[in-house]
Structure formats: structure tokens, C-alpha cells
Amino acid sequence: MNGDGLPDYILTHQTSYNHLSIDIAYANKINNSIIINTATSSSLGLPLNHFYNQYVFADINGDGLKDFIRAAKVSSGFEWQAQFNLGNLQFSPIRSLGTGLGSMNGKLIA
């Protein structure tokens, strides 16, 4: 998740009756030692509540980093939203991909 080549872990947990949160446990190698740190949805720039939304982490822009994609409830039903992983434990602002999605020559189009 942080682009350093070491394995990272995505933790999803319910924090109250109807509130789900995502945390990332990521590894850093310092002086040949592995140090585990954590980052919360808030510090990553991800939405804070995932209770009513399905999501997945996948590399959709081909940069080797896992991006955040979700089907979010909106007034007209749902829409696909993406936040691109910036590689520094930050995600881009939410980008609406609309209700349909396709690809052309391996590139994401919306």
C-alpha cells in the first residue's frame, strides 16, 4: 500500500452498530528490522464509514499500487467511485466513475 515492496495488511473492523472502518498495517524496513505501523481511514484520506458500501483495493491505473474502488449509494442508486493510491500512504480525492465502467487498451475509462 505504501509502495516500498514489503507486504501490507488491510484491516476492516466494525466500530459501532452501523460503522465500518479501514485501517492499514504497513511494514517499514529500518536498519534490517521490520517495523509495523498503522494508518486509519482518516489519515489515509479514505471515506470514514463503509457500512453501506462495497469496496475493493485493486490497481486500476497500472502504477503498481492498490487503489480504492467502491460502489457508493447515491440518490439515484449507486455509482462507482475511485481514489488513487499516491504511494505515500495518501489517496487522491474521490473521483466518480459513473454507473458504468470499461477499459480500452488496458487504460481505465469512465
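Draft legend 1. Just the pairing of strand 6 (residues 77–83), in detail. As paired strands, strand 5 (residues 67–74) and strand 6 are joined by seven bridges and run antiparallel to one another. The residue bridging Ala 72 from the neighbouring strand is Glu 79, located in strand 6. Hairpin connection, strand 5 to strand 6: the antiparallel pair is bridged by two residues. In this sheet, strand 7 (residues 95–98) lies alongside strand 6 in antiparallel orientation, the contact comprising three bridges. Note on strand 7: the bridge partner recorded for Trp 80 is Gly 98.

Draft legend 2. Region of interest: the nonpolar core. Counting residues in each nonpolar core, the largest one holds 11 residues, listed as Met 1, Ile 22, Ile 24, Tyr 26, Ala 39, Leu 44, Leu 46, Phe 57, Phe 68, Leu 89 and Phe 91. If one sorts the elements of this core by residue count, strand 2 (residues 19–30) sits on top with three residues. Discounting residues that sit within four places of it in the chain, Tyr 26 has contacts with Asn 2, Asp 8, Ile 35, Ile 36, Asn 37, Thr 38, Ala 39 and Leu 89.

Draft legend 3. View of the sheet that holds strand 4 (residues 54–58). Strand order in the open sheet made by the four strands is 4-5-6-7, with antiparallel pairing throughout. This sheet does not close on itself; its edge strands, each paired only once, are strand 4 and strand 7. Taken pair by pair, the neighbouring strands of this sheet meet at an average axis angle of 30°, ignoring direction.

Draft legend 4. Representation of the environment of Gly 45 in the model. Residue placement: Gly 45 occurs in the loop between helix 1 (41–44) and strand 4. Under the relative-accessibility criterion, Gly 45 is labelled partly exposed at 32%. Sequence-wise, Gly 45 and Gln 83 are 38 residues apart; in three dimensions their C-alpha atoms are separated by 8.9 Å.

Draft legend 5. Molecular detail of the packing of aromatic side chains. For the structure shown, the criterion picks out four aromatic pairs. Through a chain of ring-to-ring contacts, the aromatic side chains of Tyr 55, Phe 57, Phe 68 and Phe 91 assemble into a single cluster.

Draft legend 6. Expanded view of the environment of Ser 96. Structurally, the position occupied by Ser 96 is in strand 7. Remark: the alpha-carbon pair of Ser 96 and Trp 80, spanning 16 residues in sequence, is separated by 6.1 Å.

Draft legend 7. Quick look at unusual backbone geometry. For Leu 89, which is not a glycine, the phi torsion comes out positive at approximately 60°. Residue placement: Leu 89 occurs in the loop between strand 6 and strand 7. The exposure class assigned to Leu 89 is buried, which follows from its relative accessible area of 17%.

Scoring rules and cut-offs
- Residues numbered from 1 in each chain as written.
- Predicted model: local features only at pLDDT ≥ 70, side-chain atom pairs only at ≥ 80, totals over all residues.
- Heavy atoms only, no water.
- Pairing = 2+ DSSP bridges.
- Helix = DSSP H or I, 4+ residues; strand = E, 2+ residues; numbered from the N terminus.
- Core = buried A, V, L, I, M, F, W, Y, C linked by side-chain atoms within 4.5 Å.
- Buried < 20%, exposed > 50% of the residue type's maximum accessible area, 1.4 Å probe, protein only.
- Contact = heavy atoms within 4.5 Å.
- Axes fitted to C-alpha atoms, helices over the stretch in contact; angles between N-to-C directions.
- Phe/Tyr/Trp six-rings, centres within 6.5 Å; stacked < 30°, edge-to-face > 60°.

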